Amino acid sequence: MKFAKRMDQFGEGVFSRLAEMRKQRVAQGKNVIDLSIGAPNIPPDKRIMEAMAKAVMDPGNYVYAISDTKAMLDAVATWYKRRYKVELQADKEICSLIGSQDGLAHIALSILDPGDLMLVSDPCYPIFADGPKLAGAELYYMPQKKEHNYVIQLKDIPADVARRAKLMLVSYPNNPTAAMAPREFYEELIEFAKKYDIIVIHDNAYSELVFDGATWGSFLELPGAKEVGVEFNSLSKTYGLAGARIGYCVGNEQVVGMLKTLKSNIDYGMFLPIQAAAIEAISGNQDIVAETRAAYERRRDVLCDGLIEAGWQMDKPPGTMFVWAPIPAKYATSEEFVKDLLDKTGVLVTPGSAFGPSGEGYVRMALVQSEEDMQAAVDAVRLSKIFD
């Protein structure tokens, strides 16, 4: 059999390897506290599940969706206006996604030709780079360094690289570093994109998961943002709908329109009962959002305060559902540390190398277990003396 050459760029995914490590340990009768995959374990509010259940029982909802319902588009537009004070044309500036990962994988196909250059944050969530690779694009990694609070330094991008670039993707609050960029960064980003005629994608999946009384906004709030790009958002973490796969791309009419055209040739739209759940989530009572945020903040405090006390020096994340922590100097690679940590403590985390060249030397921990499990992870690390 012969397969596409593009597949030569992809090996077994890191999360598949981690799952196999977990499986082997469990088969040995040993416990695993899995902080590797960012799979939310907080379920949707009951009213959201009831809205989906009611729609599932309607025989008329089993047709092809073909496109977004007007109710879905209007709900997203209303949410953006209420939450961010951003005006959106429901029929032209919004495209639903079967999860934001779906959109991030496909949007590059609607913008990039083979050999085009894309600017990607580094470290980054893997699909940020994998989508452009599928399109045959070249990547230029924009480092996010600790000395700059993990905020991209646009001035460090060479002018010849910027002139070649056609698309760039940034994301704050950031996965995996949990960093948050100041408003000045976004103002500079818009000017940079205009100067070099670059389309901007801003992933804003964690806008509702910011801690310590802080708030977060939208890229599209800034003057000129809609002229240069779009924003992706997701209901996975905010409303506990990860498995339902609900996201959307909003902003620049041309970019949204091209993505809609591409998707019309790939899928038949979001299952109508899932659209019903999405509408209920973003249109109904929003108390669940604050409760979810508070739950992640408590988990962060238990895990980070305990691990710091146990000798693992790290920064407490200001947002997201992740902790980005340096590995001890005695380990040559983050994968080596991950294997030793699992062996000695039963705690499974993700090696930073999975997120790009700048990720080496770190690990990412997901706040996806209960406070009790977080405390158990802390206790296991302390007893292991791995940081002595």
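Residues numbered from 1 in each chain as written. Predicted model: local features only at pLDDT ≥ 70, side-chain atom pairs only at ≥ 80, totals over all residues. Heavy atoms only, no water.

Turning our attention to the overall build of the protein chain. If you tally the helices and strands in the protein chain, you get 13 helices and twelve strands. Over its C-alpha trace the protein chain gives a radius of gyration of 21 Å, about what one expects of a compact globule, namely 21 Å for 388 residues. Principal axes of the C-alpha set define a box for the protein chain whose edges measure 60 × 55 × 55 Å. Every one of the 388 residues in the protein chain was classed for burial, and the buried ones make up 54%. Counting every atom, the protein chain has about 17200 Å² of accessible surface; 53% of that belongs to carbon and sulfur. For the protein chain, the centre of its 43 positive side-chain charges and the centre of its 52 negative side-chain charges are spaced 2 Å apart. (Helix = DSSP H or I, 4+ residues; strand = E, 2+ residues; numbered from the N terminus. Rg over C-alpha atoms; globule rule 2.2 N^0.38 Å. Buried < 20%, exposed > 50% of the residue type's maximum accessible area, 1.4 Å probe, protein only. Areas by Shrake-Rupley, 256 points an atom, 1.4 Å probe, with all protein chains shown as cover. Lys, Arg positive; Asp, Glu negative; His and termini not counted. Charge placed at Lys NZ, Arg CZ, Asp CG, Glu CD.)

All chains considered together, the criterion is met by 26 salt bridges. Across the salt bridge formed by D212 and R300, the nearest N and O atoms sit 2.9 Å from each other. You can see D212 sitting in the loop between β6 (199-203) and α8 (225-228) and its partner R300 sitting in helix α11 (residues 287-309), a full 88 residues away along the chain. Under the relative-accessibility criterion, D212 is labelled exposed at 54%. In this structure, D305 and K316 form a salt bridge, with 3.2 Å as the shortest nitrogen-oxygen distance. One end of the pair, D305, is in helix α11; the other, K316, is in the loop between α11 and β9 (322-326), with eleven residues separating them in the sequence. According to the relative accessible area criterion, K316 is partly exposed, its value standing at 35%. (Salt bridge = Lys/Arg side-chain N within 4 Å of Asp/Glu carboxyl O.)

Turning next to the layout of surface pockets. Each pocket or cavity is described by its volume, and for the largest pocket that value is around 500 Å³. Taken together, 21 residues line the largest pocket, and the ones lying closest to its centre are G13, V14, P126, D130 and A354. For the lining of the largest pocket, the secondary structure elements donating two or more residues are α1 (14-27) and α5 (126-134). With five residues, α5 is the largest single contributor of residues to the lining of the largest pocket. The residue inventory of the lining of the largest pocket, partitioned by class, reads eleven nonpolar, six polar and four charged. When its volume is computed, the second largest pocket comes out at roughly 380 Å³. Around the second largest pocket, the lining comprises 21 residues; the ones closest to its centre are G38, Q101, Y125, Y206 and K237. Tallied by class, residues from the lining of the second largest pocket come to eleven nonpolar, six polar and four charged. (1 Å grid on protein atoms, 1.4 Å probe; cavity = no way out; pocket = protein on both sides within 12 Å on 5 of 7 lines; lining within 4 Å. Points joined across faces, edges and corners; volume = space filled by probe spheres on them. Nonpolar A, V, L, I, M, F, W, Y, C, P; charged D, E, K, R; others polar.)

Attention now goes to helix α4 (residues 100-111). For α4, which comprises twelve residues, the first-to-last C-alpha distance of 17 Å matches the rise-based estimate of 16 Å (1.5 Å per residue) to within 8%. By the criterion of burial, α4 is predominantly enclosed, with ten of the twelve residues buried. Of all the positions in α4, only S100, D102, G103, L104, A105, H106, I107, A108, S110 and I111 are classed as buried. (Expected span 1.5 Å × (residues − 1).)

Moving on: the nonpolar core. Core analysis: the biggest nonpolar cluster contains 63 residues, and Y80, M168, F185 and Y239 have the highest contact counts within it. Here this core gets eight residues from one element, more than from any other, and that element is helix α3 (residues 70-84). For M168, the contacting residues outside a window of four places in its chain are M118, L119, M142, L154, L189, F192, I198, I199, V200 and I201. Counting residues in hydrophobic clusters, the runner-up holds 41 residues, among them I33, A295, W312 and Y331. (Core = buried A, V, L, I, M, F, W, Y, C linked by side-chain atoms within 4.5 Å. Contact = heavy atoms within 4.5 Å.)

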